[in-house]
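Given next are the chains, with one letter for each unit.
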Amino acid sequence: PCVEELGICTGLAEGEIKDNQGGGKCNAQDTEIWIAGGKANRPAHSNYCSRTYNGGCFLDSDCIETCYQETYGYSSDCSSCFGVIPTCSISNDCLVVCAADSLGEECQECNIPCVEELG
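Source: prediction; values computed, not measured.

Asker: Would you mind going over the overall build of the chain in detail, with residue names and values included?
Answerer: Helix and strand counts for the chain stand at 9 helices and 0 strands. For the chain, with 119 residues in total, the buried portion stands at 43%. When the accessible surface of the chain is summed, it comes to about 6100 Å², and 49% of that surface belongs to carbon and sulfur atoms.

Set out below in structure tokens:
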């Protein structure tokens, strides 16, 4: 899958990573955000950034990264890992099901390869 190393990118797959000790791009504050609801709300956060934030980022990874920073409080380095999820979704042929309902079960299942190692 195109983002099978996403957990390595963030370091969040390890759970309690503090200050990039896990080798990822996310720091202690990012980890706290992730544990406090970022993981559970990641589909809704991605949906908001792609469809609503600043008129909708769609596939603009820079815009998605900025959305994750400004809206959810992630660091610049950590947010860069989330910016690739929509492009991965399209690469995995999820466009039709996710365009219809990005928070639906079918879209979430299709996107598993894109986020399976996120944490």
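Asker: Which residues make up the packing of helix H3 (residues 42-51) against helix H4 (residues 61-72), and what values do they have?
Answerer: Two numbers describe how H3 lies on H4: the axes approach to 9 Å, and their chain directions differ by 115 degrees. Considering the relative orientation of H3 and H4, their crossing is right-handed. Residues Arg 42, His 45, Ser 46, Tyr 48, Cys 49 and Ser 50 of H3 form the contact with H4, whose own contacting residues are Ile 64, Cys 67, Tyr 68, Thr 71 and Tyr 72. For the contact of H3 with H4, the class distribution of residues is 6 nonpolar, 4 polar and 1 charged.

Asker: For the packing of aromatic side chains, give the residues involved together with the corresponding values.
Answerer: Per the stated rule, a full pass over the model turns up 7 aromatic pairs. Between the aromatic rings of Trp 34 and Phe 82, the centroid separation amounts to 6.0 Å while the plane-to-plane angle is 40 degrees, which identifies the pairing as tilted. Taken together, the positions of Trp 34 in helix H2 (residues 28-38) and Phe 82 in helix H5 (residues 76-82) put the pair 48 residues apart, joining distant regions of the chain. Across the pair, exposure class does not vary: Trp 34 and Phe 82 are buried alike. Here Tyr 68 and Tyr 74 contribute two aromatic rings whose centre-to-centre distance is 5.8 Å and whose plane-to-plane angle is 50 degrees, an arrangement assigned as tilted. These aromatic residues form a ring-pair network of at least three members: Trp 34, Tyr 48, Tyr 53, Tyr 68, Tyr 72, Tyr 74 and Phe 82.

Asker: Give me the lowdown on the nonpolar core, citing residues and values where you can.
Answerer: Residues Cys 49, Tyr 68, Tyr 72, Tyr 74 and Phe 82 are the most contacted members of the largest nonpolar core, which totals 18 residues. Here Cys 49 is in contact with Gly 56, Cys 57, Phe 58, Ile 64, Cys 67, Tyr 68 and Tyr 72, once residues within four sequence places are set aside.

Asker: How would you explain the layout of surface pockets if you had to name every residue and give the values?
Answerer: Space inside the largest pocket adds up to approximately 400 Å³. In terms of lining residues, the largest pocket is bounded by 19 residues, among which Ser 50, Arg 51, Pro 86, Cys 98 and Ser 102 are the most central. For the lining of the largest pocket, the secondary structure elements donating two or more residues are H3, helix H6 (85-91), helix H7 (95-100) and helix H8 (105-110). Here the lining of the largest pocket takes 6 residues from H3, the largest share from any one element. Class assignment for the residues of the lining of the largest pocket results in 10 nonpolar, 7 polar and 2 charged.

Asker: Could you give an account of unusual backbone geometry, naming the residues involved and the relevant values?
Answerer: Even without being a glycine, Asn 54 presents a positive backbone phi close to 50 degrees. Within the secondary structure layout, Asn 54 lies in the loop between H3 and H4. Overall, the relative accessible area of 67% leaves Asn 54 in the exposed class.

Asker: I'd love a proper account of H2, names of residues and values included.
Answerer: Of the residues making up H2, those classed as buried are Ala 28, Asp 30, Thr 31, Trp 34, Gly 37 and Gly 38. Residues of H2 that are buried in the fold lie against H3 and H5. For H2, the side-chain oxygen to backbone nitrogen distance between the N-cap and Gln 29 is 3.0 Å, and the N-cap itself is Asn 27.

About the cut-offs
- Residues numbered from 1 in each chain as written.
- Predicted model: local features only at pLDDT ≥ 70, side-chain atom pairs only at ≥ 80, totals over all residues.
- Heavy atoms only, no water.
- Helix = DSSP H or I, 4+ residues; strand = E, 2+ residues; numbered from the N terminus.
- Buried < 20%, exposed > 50% of the residue type's maximum accessible area, 1.4 Å probe, protein only.
- Areas by Shrake-Rupley, 256 points an atom, 1.4 Å probe, with all protein chains shown as cover.
- Axes fitted to C-alpha atoms, helices over the stretch in contact; angles between N-to-C directions.
- Left-handed = near helix turned anticlockwise from the far one by under 90°.
- Contact = heavy atoms within 4.5 Å.
- Nonpolar A, V, L, I, M, F, W, Y, C, P; charged D, E, K, R; others polar.
- Phe/Tyr/Trp six-rings, centres within 6.5 Å; stacked < 30°, edge-to-face > 60°.
- Core = buried A, V, L, I, M, F, W, Y, C linked by side-chain atoms within 4.5 Å.
- 1 Å grid on protein atoms, 1.4 Å probe; cavity = no way out; pocket = protein on both sides within 12 Å on 5 of 7 lines; lining within 4 Å.
- Points joined across faces, edges and corners; volume = space filled by probe spheres on them.
- Polar contact = N/O pair within 3.5 Å; in protein donor to acceptor, adjacent residues only side chain to side chain.

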